[in-house]
Amino acid sequence: MLQIRNLTASYGPVTALAGVTLHVREGEIVALIGANGAGKTTLLNAIAGLVRREGEITFTGRSLMTVAPEELVSLGVALVPEGRQLFAPLSVADHLLLGAYCRHRRVPAREIAADRERIFQLFPRLQERLEQPAGTMSGGEQQMLAIARALMARPRLLLLDEPSLGLAPLVVEAIMTTLARLRKQGLTVLLVEQNARAALKIADRAYVLETGRIILSGAARDLLADRQVTRAYLGRDYKEFTDGR
Amino acid sequence: MHEPSPETVDAAELELLQLERLQSTLTRAYRQVKFYRRRFDAAGMRPEDIRSLADLRRLPFTTREDLSENYPYGLFAVPLRDIVRIVSSPGTTERPLVVGYTAQDLRLWLELLARLYRAAGVTREDIVQFIIPPGLANWRRDLQAGAEHLGASVIPAATLNYAKELMVMRDYKTSVLVATPPAARHLLTVMRALELSPAEFSLKRALLVAAPLPQAVREELREGLGVSLARAYGITEVMGPGLAFSCEAESGFHFNADHFYPEVVDPESGRPLPPGEEGELVITTLSTLAFPLVRFRSGDRTALDPTPCPCGRTLPRLTGIFGRVDAICSVGGIKVHPEHLRALLREALGGHLPPHSWQVAEEDGLEVLDIHLVLDETLFSDEVKALEGLCRLVRRHLQDHLGITARIKLREMTSEG
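Note that the structure is predicted; figures quoted are calculated from it, not measured.

Caption draft 1: Spatial organisation of the confidence of the model for chain B. The predicted model of chain B has a mean per-residue pLDDT of 91, with 98% of residues at 70 or higher. Here the prediction assigns the complex a pTM of 0.87, and the interface score ipTM is 0.88.

Caption draft 2: Seen up close, the sheet that holds strand 18 (residues 366–375) of chain B. All names here are of chain B. Spatial strand order, 17-18-19: three strands in an open sheet with mixed pairing. Pairing within the sheet leaves two strands with one partner each, and these edge strands are strand 17 (356–363) and strand 19 (406–412). Along the sheet, successive strands turn relative to each other by an average axial angle of 25 degrees, direction set aside. Where strand 17 and strand 18 come together, eight bridges link them in antiparallel fashion. Along strand 18, the bridge assignment pairs Ser357 with His372.

Caption draft 3: Summary view of helix 7 (residues 169–184) of chain A. Residues and elements named next belong to chain A. End to end, helix 7 covers 23 Å across 16 residues, agreeing with the expected 22 Å (1.5 Å per residue, within 8%). For helix 7, every residue scored as buried is listed here: Val172, Ile175, Met176 and Leu179. What you see down the axis of helix 7 is that its buried residues fit within an arc of 95 degrees, all on one side. Seen from the open side of helix 7, the exposed residues pointing more than 90 degrees away from its buried face are Leu170, Thr177 and Lys184. Residues of helix 7 that are buried sit in contact with strand 3 (29–33), helix 6 (139–151), strand 8 (188–193) and helix 8 (196–202). Following helix 7 by one or two positions, Gly186 has its phi on the positive side, about 110 degrees.

Caption draft 4: Fine view of the pairing of strand 3 of chain A. Residues and elements named next belong to chain A. With five of five residues buried, strand 3 lies mostly within the body of the structure. The two faces of strand 3 match: Ile29, Ala31 and Ile33 on one face and Val30 and Leu32 on the other face are all buried. Two elements, strand 3 and strand 8, share five bridges in a ladder whose sense is parallel. Following the sheet pairing, Ala31 is matched in strand 8 by Leu191. Two elements, strand 3 and strand 9 (residues 205–210), share four bridges in a ladder whose sense is parallel. Pairing of Val30 across the sheet is with Arg205, part of strand 9.

Caption draft 5: Focus on the interface of chain B and chain A. Every contact between the two is made by 18 residues of chain B and, on the other side, 22 residues of chain A. Those elements that provide at least two residues to the side of chain B that touches chain A are helix 1 (11–32) and helix 4 (103–119) of chain B. It is helix 1 of chain B that contributes the most residues to the side of chain B that touches chain A, eight residues altogether.

Caption draft 6: Structural view of the environment of Glu54 of chain A. Residues and elements named next belong to chain A. Along the chain, Glu54 falls in strand 4 (residues 54–59). Glu54 sits in the partly exposed class, given 13 other C-beta atoms within 10 Å. When the C-alpha atoms of Glu54 and Val80 are compared, they prove to be 22 Å apart, with 26 residues separating the residues in sequence.

Caption draft 7: Local environment of the domain arrangement of chain B. Residues and elements named next belong to chain B. For chain B, the assigned domains read domain 1 (1–326) and domain 2 (337–412). Put simply, the middle of domain 1 and the middle of domain 2, counted by C-alpha atoms, are 31 Å apart. Listed per partner, the contact involves twelve residues of domain 1 and eleven residues of domain 2. Of the residues contributing to the side of domain 1 that touches domain 2, the split by class is five nonpolar, five polar and two charged.

Definitions and cut-offs
Going along each chain's sequence as written, the residues are numbered from 1 onward. Chains and ligands are labelled sequentially in the order written, the chains with letters from A and the ligands with numbers from 1. In keeping with the model being predicted, local features are shown solely for residues with a pLDDT of at least 70 and side-chain atom pairs are shown and tallied solely at 80 or more, while totals for entire chains, interfaces and linings include all residues. Confidence scores here are pLDDT values: one per residue, from the predictor, ranging 0 to 100. Should DSSP find at least two bridges between two strands, the strands are regarded as paired. Strands are runs of DSSP state E lasting at least two residues, helices are runs of H or I lasting at least four, and both sets are numbered from the N terminus onward. In this analysis an axis means a line fitted to C-alpha atoms, helices contributing only their contacting stretch, and an angle means the value between N-to-C directions, from 0 to 180 degrees. Each helix should span, by expectation, one fewer than its residue count multiplied by 1.5 Å. Partly exposed residues are those whose C-beta has more than 12 but fewer than 20 other C-beta atoms within 10 Å; 20 or more makes a residue buried and 12 or fewer makes it exposed, with C-beta atoms placed from the backbone. What the arc measures is the spread of directions leading from the helix axis to the C-beta atoms. By definition, residue pairs are in contact when their C-beta atoms, positioned from the backbone, come within 7 Å. Delimitation of the domains relies on an automatic or database domain assignment. We call Asp, Glu, Lys and Arg charged. Ala, Val, Leu, Ile, Met, Phe, Trp, Tyr, Cys and Pro are nonpolar, and the rest, Gly among them, are polar.

Encoded structure:
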């Protein structure tokens, strides 16, 4: 569904992505894990056209290299950015409406209303907070809203940047469970996460990014068991560093 | 989500998969193995310069000599604590060949072995008997583990004589034989000597490994044992038997190109050859973690056929293994390099190497190495006992170091030397 070849991106003289090649098949959850500064967010921003990039990106066979960020949503790709990027004074209802802006007047209003109902089934808390300004909600609720806003565009591919950032473990688990449910409904997800364990638990496959290059890839269950990944990203095996070997 | 079978993916998807795995393998090799970093630097390249599969050609080859020079751990790309298996084999140089595996490498390798068994029609219902000589201990262990992983009932190789092997085969109702072609031929010879007929056995298939299988031998075994034949190809340096396998179409070997990238090159110039042209098989690992190999020269002669197979698999095929491009010979599946053999002979003969010659010969279907030694002034003795002792010594030395059976023939010095 999504194919990326030799993608490079730089911030001035600093290379953030040094030739990344990867693919995401329809219906998969693919996790992209790596340390802070590895280039994960840059990769999502490069797909979305938010940073200057070179290489090839195709989505369902169509090149995204000349697609403007604002056109991407209508093609079926939605980005949930790092830090949620909500509008603090706007309510939950406003955000959901905003999420569906590209469908406004293109599809009957009842279809958008039906989607909103589906969102409420997925995130009942949002229905309870319908009129609450986003800025007053908890971090977990804000993350749910950010995902919900993206879903209102009816994307086929969801790009998620660090959805677990700053959230309590139980909330992270709830978010990940929701993503797994969405996948069962046919959504494809490219998930960027520093919380490698949470991401690998729900992903089908994963890539490990290190200083702008993919250094490992494979089935998520295999990477969960990989000792290098365990040491570097899963915060286990501290003893291995200190046992003098 | 249903993951498409890697054995039937379309060419474009396979190519992308190969490229992403190649790029991450080269990045790991560059960052973690000094040898490869130096190679890249000497070529004025960085891993990110490899932007297509064709770019791989810009990198130099890796040879068996490189492996020997980096003995034992110089080419490992993970810390030793991540290695769960260290496999040694005699190799074709004076130093043993060392290959490391991480736990993930072992999982991959089991998956590839299961692939070859499935293609051979073997299932968990089968009773699989192994007759593989001790000199191929690594292949023996690998293939047994693969059959166990599949869930079949495994009768591991034992030190039984061939008559007893046949008794086991008949009484245990073995349905699949895994053997080297020479071992299978020898089994057939013994079967005929004991006047046993295939009808007395439950054997349905034979998987023949580790040595070439000439067409005439293939027919002889198929008819003599009354079985369908399958084959596997691999080299010890790259996960043993998991590299390529035959299918029901019996049209070459499907190369596991989703985990290893094959090239066929002109053995003299190193120039890549187009599909269909015969040359040396060069292999780059795409998934192995512990022991990445970049453009490793296998020494085996083959040609590539990328066209889809009638069996439905899209993995490219090696059209066959047509011998070696170098002087290495196979004795019952064990690779022997002339230099290594000469060194072993010299060692056995106390540092002296007389004029000599050798050739692979056959003894009741089994392959042996006939070695002719010239009794020069240093070796000469007029005592038969001493000469017999000499032959025994050389025989044992080669058995110990290479696991091959040798027949030593002494020749008196003539005026020609």
